[in-house]
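# Descriptive analysis of the structure
Chain by chain, the residues run as shown.
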Amino acid sequence: MFRAAVRLSVSGVRSLTRTQPGSQALLASRCYSHGKQETDEEFDARWVTYFNKPDIDAWELRKGMNTLIGYDLVPEPKILEAALRACRRLNDLASAIRILEAVKDKTGPHKEIYPYLIQELQPTLEELGISTPEELGIDKL
């Protein structure tokens, strides 16, 4: 069974490599991305808009943060501010603290980024009544 599958896949690959000279360009063009590149400002605006939705629920908040943290970047303070305000609208202090913990973890070895983010978010944190993990003492656990 396995031999037959391998034989069929090898013959399928051979048929793909036997293309006419005019169709080789079509195969090569498939390897390139043709999508529009999103600028940093558009990326930030998209996420701020996402978290500023008035009818966002807890699942959407967690899904958005999970997706955002999955990217190879540390979110800008304005995105985090919108996410923290969404936590406040949902009355979800635990998610707000998890966001701060996730961002601290996301900064990794770059120790200067997290204090900068907290400095930029400090007025929002005070306005919303959200304590940082360091203020709560849970960063040492």
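Here the structure is a predicted model, which means the values were calculated and not measured. (Residues numbered from 1 in each chain as written. Predicted model: local features only at pLDDT ≥ 70, side-chain atom pairs only at ≥ 80, totals over all residues. Heavy atoms only, no water.)

## Quick look at the overall build of the chain
Looking only at helices and strands, the chain features 8 helices and 0 strands. Mapped in sequence order, the helices and strands of the chain form the string α-α-α-α-α-α-α-α. Of all 141 residues assigned to the chain, the portion counted as buried reaches 26%. Looking at the chain alone, contacts between residues at least 24 apart form 63% of all its contacts between residues at least 6 apart. A total accessible area of about 10,000 Å² is found for the chain, and carbon and sulfur atoms account for 56% of it. (Helix = DSSP H or I, 4+ residues; strand = E, 2+ residues; numbered from the N terminus. Buried < 20%, exposed > 50% of the residue type's maximum accessible area, 1.4 Å probe, protein only. Contact = heavy atoms within 4.5 Å. Areas by Shrake-Rupley, 256 points an atom, 1.4 Å probe, with all protein chains shown as cover.)

## Structural notes on the packing of aromatic side chains
Counted by the stated rule, this structure contains 6 aromatic pairs. A network of ring pairs unites the aromatic residues Phe 43, Trp 47, Tyr 50, Phe 51 and Tyr 71 as a single cluster. (Phe/Tyr/Trp six-rings, centres within 6.5 Å; stacked < 30°, edge-to-face > 60°.)

## Details of the nonpolar core
Judged by nonpolar contacts, the single largest core of 26 residues is most densely connected at Phe 51, Leu 84, Ile 99 and Leu 100. For this core, the secondary-structure elements that each account for two or more residues are α3 (40–51), α4 (58–70), α5 (77–89), α6 (93–107) and α7 (113–128). The leading source of residues in this core is α5, at 7 residues. Excluding its chain neighbours within four sequence positions, the residues that come into contact with Phe 51 are Ile 56, Leu 61, Gly 64, Met 65, Leu 68, Ile 79, Ala 82, Ala 83, Ala 86 and Arg 89. (Core = buried A, V, L, I, M, F, W, Y, C linked by side-chain atoms within 4.5 Å.)

## So, the packing of α4 against α6
Where α4 meets α6, the closest approach of the two axes is 11 Å, and the angle between their N-to-C directions is 5 degrees. What the angle tells us is that α4 and α6 run roughly parallel. Contact with α4, carried on its side by Leu 61, Met 65, Ile 69 and Gly 70, involves Ser 95, Ile 99, Ala 102, Val 103 and Lys 106 of α6 and no other residues of that element. (Axes fitted to C-alpha atoms, helices over the stretch in contact; angles between N-to-C directions. Parallel < 35°, antiparallel > 145°, perpendicular 65-115°, else oblique.)

## Considering the pattern of salt bridges
All chains considered together, the criterion is met by 7 salt bridges. Between Asp 44 and Lys 78 there is a salt bridge, with its nearest N and O atoms 3.8 Å apart. With Asp 44 in helix α3 and Lys 78 in helix α5, this residue pair connects regions lying 34 residues apart in the sequence. Of the residues examined, Asp 44 reaches a relative accessible area of 10% and is grouped as buried. (Salt bridge = Lys/Arg side-chain N within 4 Å of Asp/Glu carboxyl O.)

## Here we look at α6
Along its 15 residues, α6 runs 22 Å from first to last C-alpha, staying within 8% of the 21 Å computed at 1.5 Å per residue. Burial in α6 covers these residues: Ser 95, Ala 96, Ile 97, Ile 99, Leu 100, Val 103 and Thr 107. Where α6 is buried, its residues meet α4, α5, α7 and α8 (133–136). Gly 108 lies just past α6 and shows a positive phi near 60 degrees. (Expected span 1.5 Å × (residues − 1).)

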